[in-house]
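# Examining the three-dimensional arrangement
The chain contents come next:
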Amino acid sequence: MKIVLVSKELPPSPRSYGIGTYTHETAQGLARLGHQVSVICAADTPAVAGFSTQGPVSVIRLVDDELAPSGWTRHVWPKSEAALNYRRRVAECLDRLIDDNAAEIVEFPGYRGESHVWARGPRRIPMVVRMHGFTAW
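Note that the structure is predicted; figures quoted are calculated from it, not measured. (Residues numbered from 1 in each chain as written. Predicted model: local features only at pLDDT ≥ 70, side-chain atom pairs only at ≥ 80, totals over all residues. Heavy atoms only, no water.)

### A few points about the side chain of Asp64
Where we set the bar: Only DSSP runs of H or I covering at least 4 residues are called helices, and only runs of E covering at least 2 are called strands; the numbering of each starts at the N terminus. Pairs of N or O atoms within 3.5 Å make up the polar contacts considered here, provided that, within protein, one atom can donate a hydrogen while the other can accept it, and that residues adjacent in sequence are counted only when both atoms are side-chain atoms.
Considering the arrangement of structural elements, one finds Asp64 in the loop between β4 (57–62) and α2 (81–99). A polar atom in the side chain of Asp64 sits 2.6 Å from the side chain of Lys8.

### Here we look at the pairing of strand β2 (residues 36–42)
Convention followed: In this scheme, a residue with accessible area under 20% of its type's maximum is buried, one over 50% is exposed, and one in between is partly exposed, where area comes from a 1.4 Å probe on protein chains only. Strand pairing is defined by DSSP finding a minimum of two bridges between the two strands.
Of all seven residues in β2, six are buried, a share of seventy percent or more. Sheet topology note: the strand β1 (residues 2–6)/β2 ladder contains five bridges and is parallel. Each residue of the ladder has a partner; that of Val4, found in β2, is Ser38. Summarising the sheet, β2 and β4 pair through five bridges and their orientation is parallel. Bridging from a neighbouring strand, Val39 pairs with Val59 of β4.

### Quick notes on unusual backbone geometry
For Asn101, which is not a glycine, the phi torsion comes out positive at approximately 60°. Structurally, the position occupied by Asn101 is in the loop between α2 and β5 (105–109).

### Quick look at the pairing of β1
Looking along a regular strand, one sees side chains alternate from face to face of the sheet. In terms of burial, β1 is largely enclosed, as five of its five residues are buried. Of the two faces of β1, the one lined by Lys2, Val4 and Val6 and the one lined by Ile3 and Leu5 are each fully buried. In this sheet, β5 lies alongside β1 in parallel orientation, the contact comprising three bridges. Directly across from Ile3, in β5, lies its bridge partner Ile105.

### Let's talk about α2
Because an α-helix packs 3.6 residues into every turn, residues spaced three or four apart end up facing the same way. Using the following cut-off: What a helix should span is 1.5 Å times the count of its residues minus one. Should any heavy atoms of two residues lie within 4.5 Å, those residues are considered in contact.
In this model α2 runs 27 Å from its N-terminal to its C-terminal C-alpha over 19 residues, within 8% of the 27 Å that 1.5 Å per residue would give. Turning to α2, its buried residues are Ala82, Ala83, Tyr86, Arg87, Val90, Ala91, Cys93, Leu94, Leu97 and Ile98. Looking at the buried side of α2, the elements it contacts are β1, β2, β4, β5 and α3 (114–119). Looking one or two residues beyond α2, the residue adopting positive phi is Asn101, at roughly 60°.

The analysis is restricted to geometry; functional conclusions fall outside its scope.
Structure follows, in structure tokens:
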């Protein structure tokens, strides 16, 4: 199966709050089981944006407008233009993967809103939203 995981962070990251570790371990485990796994995540700096691999996992790092120059995430309202720009990039990247036949299912975190932005368009593959943290409350 061709699986895409969406995560704000993926190690190594100076913003490590635990979700990056979860994403890394899940992606590696799914790949070991024979799945084709891609991760869409934020780039810690514009210089590292782009495509790379971590073992059998494809990693796509997108420019993140929410980052302050120091590398720490700005405290912004969820509907700020910076947050929406990043979420739109995630949706566009996912649509390109679907167009290239590189995605059959996608998993989103439930706390950031990337799933909401992507799901507003035509959904062509199933989506799983991982419920935890504030969303689960």
